[in-house]
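# Chains, contacts and geometry: an overview
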Amino acid sequence: SNGDYWTPLAKEGVVLIPKADNSTNMFLPPSYWQTQMPDLTGCYRTSVSILKSYGVKNPAPLNLAIYMVKEKGNELVNLLSSRQGLDVLNNYMDNGKPIIVGVHRKYGYTGNADKTTDHFVIIAGRGSESGKEFFNFYDVGTSRFSMGTSPMNRFYLTKEGVLRGVSQYNKKIYTVSQIRPYGN
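Values in this document were obtained by computation on a predicted structure and should not be read as measured data. (Residues numbered from 1 in each chain as written. Predicted model: local features only at pLDDT ≥ 70, side-chain atom pairs only at ≥ 80, totals over all residues. Heavy atoms only, no water.)

### Some thoughts on the nonpolar core
Counting residues in each nonpolar core, the largest one holds 37 residues, and the members touching the most others are I99, V101, I123, F155 and I179. Residue assignment for this core shows that the elements contributing at least two residues are α1 (43-54), α2 (82-94), β7 (99-104), β8 (119-129), β9 (132-138) and β12 (173-180). When near neighbours in sequence (up to four residues on either side) are disregarded, I99 contacts L51, V88, L89, Y92, M93, V121, I122, I123, I179, R180 and P181. (Core = buried A, V, L, I, M, F, W, Y, C linked by side-chain atoms within 4.5 Å. Buried < 20%, exposed > 50% of the residue type's maximum accessible area, 1.4 Å probe, protein only. Helix = DSSP H or I, 4+ residues; strand = E, 2+ residues; numbered from the N terminus. Contact = heavy atoms within 4.5 Å.)

This is the structure:
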C-alpha cells in the first residue's frame, strides 16, 4: 500500500492514516482483536478464536508447529528449523494471511511442550520503516485494545536470525519461539 497502516483508535470500521516514510500492510483488521482476560492461560485459545472468527478453519495445530528457538540454560539457541519458519511466515505475509506464533518472554516456564514458549500472539501484518522490515503483532495478553493492537507491536529480524520485539502493553521483550501454520 502507499504507507497506510491500521490505527487502533477505530473500534468500529477501519481508519487508515497515511505515513510517508512508513509502509505497513495489515491483513487482520484490529476489530477482530480479543483479550484473553480474565483467563491468564488463555492466550492460545484466544488467538485461535480470533483467527476462526476471521474465517480460518484450523488456525494453529501443534503437530504443524515450526520451532524457532530453544531455551538452553539462561540463553536462547536459534534452531535450524528457524529458516523454514521464516520462509513459512513470509509466505503467509505474501499471501495476506495472519498467523499465530509462540513467543518466549521469560526463562524457566515449562507449561508448553517445547519448554520455551510462554505466550501466543498473532502476526497480523508486515511493514518496513527506514528500510528495516518488521512484522506487526496483536497481543491478547492485555485487556486494553489500544495496547493489544498497537502499530508499535513489532517483531524485527535480528542479525542472529531471530524475530524479536517489544509488546507495548507490558514493555517485555518477546522472541518468536514457534510459527504455527494452518491445518487442513
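What follows continues from the structure just given.
### Regarding the environment of L89
Relative to the elements of secondary structure, L89 occurs in helix α2. Assessed through its relative accessible area of 0%, L89 is described here as buried. Spatially, the C-alpha atom of L89 lies 8.3 Å from that of P181, the residues being 92 residues apart in sequence. Once you skip the residues sitting within four places of it in the chain, L89 turns out to touch I99, I123, F135, L163 and I179.

### Details of the environment of V48
Following the sequence through the fold, V48 ends up in helix α1. Distance from V48 to I99, taken between C-alpha atoms, is 9.5 Å for residues 51 residues apart in sequence. Sequence-distant contacts of V48, that is, excluding residues within four places in its chain, are made with P59 and I100.

### Points about the pattern of salt bridges
Under the counting rule described, the total for this entry stands at 6 salt bridges. A salt bridge links D118 to R105; the nearest nitrogen and oxygen atoms lie 3.0 Å apart. Of this pair, D118 sits in the loop between β7 and β8 while R105 sits in the loop between β7 and β8, and the two are 13 residues apart along the sequence. Of the residues examined, D118 reaches a relative accessible area of 6% and is grouped as buried. Beyond isolated ion pairs, a larger network of salt bridges with shared partners links D94, R126 and E133. (Salt bridge = Lys/Arg side-chain N within 4 Å of Asp/Glu carboxyl O.)

### Here's the deal with the pairing of strand β5 (residues 69-72)
Only one face of β5 is covered, namely the one carrying V69 and E71; the face carrying K70 and K72 has none of its residues buried. Pairing between β5 and strand β6 (residues 75-78): 4 bridges, direction antiparallel. Residue pairing across strands places V69 opposite N78, the latter belonging to β6. Remark: 2 residues form the turn of the hairpin made by β5 and β6, two consecutive strands paired antiparallel; G73 in that turn has positive phi of roughly 65°. (Pairing = 2+ DSSP bridges.)

### What to know about the side chain of R180
You can see R180 is positioned in strand β12. One buried charged residue, R180, remains without a salt bridge, the closest side chain of opposite sign being D114 at 7.3 Å. Sequence-distant contacts of R180, that is, excluding residues within four places in its chain, are made with Y44, P59, A60, P61, L62, A65, I99, I100 and F120. (Lys, Arg positive; Asp, Glu negative; His and termini not counted.)

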